[in-house]
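What follows is each chain in one-letter form.
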Amino acid sequence: INDRYEAVAAACDDLIVREELRHNLGGILDLERLLARISLDSAGPRDVLALAQSLRQLPALRGTLGRLTPRLGRTCFDRLDPLTDVCAKIAGTLLPEPPLTLAEGGVIASGVDTDLDELRTVSQSGRQSIAAIEERERARTGIGSLKVRFNSVFGYYIEITKSNLGSVPTDYERKQTLVNAERFTTPELKDYETRVLTAHERCIEIEKRIFAELRRSVLENAGRIRKSSAAVAEIDLLANFAHLAALRHYVRPQL
């Protein structure tokens, strides 16, 4: 009890340390609750990111706490693991503003997985890729009116007017016949179509796998997080007592 009184008195007497502690604590959410959600597999990307944002406050909190001389302050300082590695792992894996769920993707940061980055490039740069294929095929065939198009029924195709059918290369495969034109495909276009149409689904699959790996990584450090959470709770309590003592002019009891 006297150790607590000593810690509260020290914080009460040092306005700067007391307010810095309160400021540091203000950015920390309920670590135990967030960890419980992750362990029960009910945590979304924002929950895991909230954990990282809370852990990001721990080094500053520990630094402020190190300026308190009472024994209890030093004990809390020793128990408070800054968990910088866990924080960095989460922050480096997730985007800064992820969606609530993994359903639509857009959760994992760029640079985490090479395959994911390539699939995103394919999915997001469709127009540029099609334009490049169209330009290249026009140059190869000499057909200036050649068009590369897409519809939901036939997918991607190369459309050539009937008057230019004599210039169609042998590697073109007929896909559909129209009144004034023919539609073709090529091995390259079929491969591109497969990659584009499946890119989004594959992106989500990869993101789910990476998120599951991140969740396991966090849970491997659950013991460290709980230990720091208990230290944060005690620091929060003592800082609050010191704030109230200063605000209401409480006097330290003599035990």
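As a reminder, the structure under discussion sits directly above these lines.
Residues numbered from 1 in each chain as written. Predicted model: local features only at pLDDT ≥ 70, side-chain atom pairs only at ≥ 80, totals over all residues. Heavy atoms only, no water.

Note on placement: Arg 120 falls in helix α8 (residues 114–124). Note on Arg 120: relative accessible area 12%, which makes it buried. Polar contacts involving the side chain of Arg 120 include one to the side chain of Glu 207, which spans 2.8 Å. Beyond its immediate sequence surroundings of up to four residues, Arg 120 is in contact with Gly 106, Val 107, Ile 108, Ala 109, Ser 110, Cys 203 and Glu 207. (Helix = DSSP H or I, 4+ residues; strand = E, 2+ residues; numbered from the N terminus. Buried < 20%, exposed > 50% of the residue type's maximum accessible area, 1.4 Å probe, protein only. Polar contact = N/O pair within 3.5 Å; in protein donor to acceptor, adjacent residues only side chain to side chain. Contact = heavy atoms within 4.5 Å.)

Below, the discussion takes up the packing of helix α5 (residues 58–65) against helix α11 (residues 222–248). Where α5 contacts α11, the two axes come as close as 12 Å, and the packing angle between them is 50°. Between α5 and α11, the crossing angle belongs to the class labelled oblique. Helix-helix and strand crossings are classified by hand; for α5 and α11 the assignment is left-handed. In this structure, α5 uses Leu 58, Leu 61 and Leu 65 to contact α11, whose residues at the interface are Ser 228, Val 232 and Ile 235. Across the contact of α5 with α11, the residue classes tally to 5 nonpolar, 1 polar and no charged. (Axes fitted to C-alpha atoms, helices over the stretch in contact; angles between N-to-C directions. Parallel < 35°, antiparallel > 145°, perpendicular 65-115°, else oblique. Left-handed = near helix turned anticlockwise from the far one by under 90°. Nonpolar A, V, L, I, M, F, W, Y, C, P; charged D, E, K, R; others polar.)

Our next topic: the nonpolar core. Core analysis: the biggest nonpolar cluster contains 44 residues, and Leu 51, Leu 61, Ile 90 and Leu 94 have the highest contact counts within it. Broken down by element, the residue count for this core peaks at 7 residues, all from helix α10 (residues 187–220). Counting residues in hydrophobic clusters, the runner-up holds 15 residues, among them Ile 133, Ile 160, Leu 189 and Val 196. (Core = buried A, V, L, I, M, F, W, Y, C linked by side-chain atoms within 4.5 Å.)

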